[in-house]
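Descriptive structure summary
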Amino acid sequence: MKGDIRITKSKFLKIKCPKCNFEQVMFGKATTIVKCLGCGNSLSKPSASKSKLKAKVIEVLK
Ligand SMILES: [Zn+2]
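Residues numbered from 1 in each chain as written. Predicted model: local features only at pLDDT ≥ 70, side-chain atom pairs only at ≥ 80, totals over all residues. Heavy atoms only, no water.

Looking at the sheet that holds strand E1 (residues 12-16)
With respect to topology, 3 strands assemble into an open sheet ordered E2-E1-E6, the strand pairing being antiparallel. In this open sheet, the two edge strands, each paired with only one partner strand, are strand E2 (23-27) and strand E6 (56-61). In this sheet, adjacent strand axes meet at a mean angle of 30° when their direction is disregarded. Relative to E6, E1 is paired through 5 bridges, and the arrangement is antiparallel. Residue Leu 13 lies in a different strand from E6, and its bridge partner there is Val 60. (Pairing = 2+ DSSP bridges. Helix = DSSP H or I, 4+ residues; strand = E, 2+ residues; numbered from the N terminus. Axes fitted to C-alpha atoms, helices over the stretch in contact; angles between N-to-C directions.)

Let's talk about the coordination of the zinc ion
Taken together, Cys 17 (SG), Cys 20 (SG), Cys 36 (SG) and Cys 39 (SG) make up the protein donors of the zinc ion, found 2.3 Å from the metal. One can describe the donor arrangement at the zinc ion as tetrahedral, given that its 4 donor atoms subtend angles of 103 to 112° at the metal. With a relative accessible area of 4%, Cys 36 lands in the buried category. For Cys 39, a relative accessible area of 40% puts it in the partly exposed group. (Donors = N, O, S within 2.8 Å, 3.2 Å for Na, K, Ca; no water. Tetrahedral: all angles 85-135°; square planar, octahedral: opposite > 155°, others 65-115°. Buried < 20%, exposed > 50% of the residue type's maximum accessible area, 1.4 Å probe, protein only.)

Printed below as a string of structure tokens:
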């Protein structure tokens, strides 16, 4: 059964793609690869402990 819903204190980040400057919002603790919606460039790659962010963080949303 799928439905692993957890409430976390993680924040959403407003990020900007370094390649095409497309702005989008991503989850701060993303466990999947986050791709730019503008050009498909991978902006975040999850690793063992934390995700590696390649994009510029413009704003941290609460
Ligand atoms: Zn892009």
